[in-house]
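Each chain, written out:
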Amino acid sequence: MNNYTNQNIQCPNCHHSIDMVIDQKQSNKKIYDDCPSCHRAIEFSMEVNPNTRKVHLSFNNDEDGLF
């Protein structure tokens, strides 16, 4: 069984389309990454439903205090 899913999100700053590959076996966590287009920091919150293995991503583009 394939444990990975593709998610496509838009950067909250420049609206660039970003493809992400997510391991559905992961538990809920926060991910920090930079947009490949505008290079601004994005904080992703990943929530995985343990029963269905569906992934929900939400994000925050507030850079204050991230780094």
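Here goes a summary of the coordinates provided. These numbers were taken from a predicted model, which means no experiment stands behind them. (Residues numbered from 1 in each chain as written. Predicted model: local features only at pLDDT ≥ 70, side-chain atom pairs only at ≥ 80, totals over all residues. Heavy atoms only, no water.)

Quick word on unusual backbone geometry
Of note, the phi angle at His15 is positive, near 65°, even though the residue is not glycine. Although it is not a glycine, His39 adopts a positive phi angle of roughly 65°. Here His39 is to be found in the loop between β3 (29-34) and β4 (41-48). Given a relative accessible area of 58%, His39 falls into the exposed group. (Helix = DSSP H or I, 4+ residues; strand = E, 2+ residues; numbered from the N terminus. Buried < 20%, exposed > 50% of the residue type's maximum accessible area, 1.4 Å probe, protein only.)

A few points about the sheet that holds β3
If you walk across this open sheet you meet the three strands as β3-β4-β5, and the pairing is antiparallel. The outermost strands of the open sheet, each flanked by one partner alone, are β3 and β5 (55-60). Across the sheet, the axes of successive neighbouring strands diverge by a mean angle of 30°, strand direction being ignored. As defined by bridge partners, β3 adjoins β4 across six bridges and the pair is classed as antiparallel. Bridge assignment links Tyr32 to a residue of β4, and that residue is Glu43. (Pairing = 2+ DSSP bridges. Axes fitted to C-alpha atoms, helices over the stretch in contact; angles between N-to-C directions.)

Everything listed is a geometric property; what it means functionally is a separate question.
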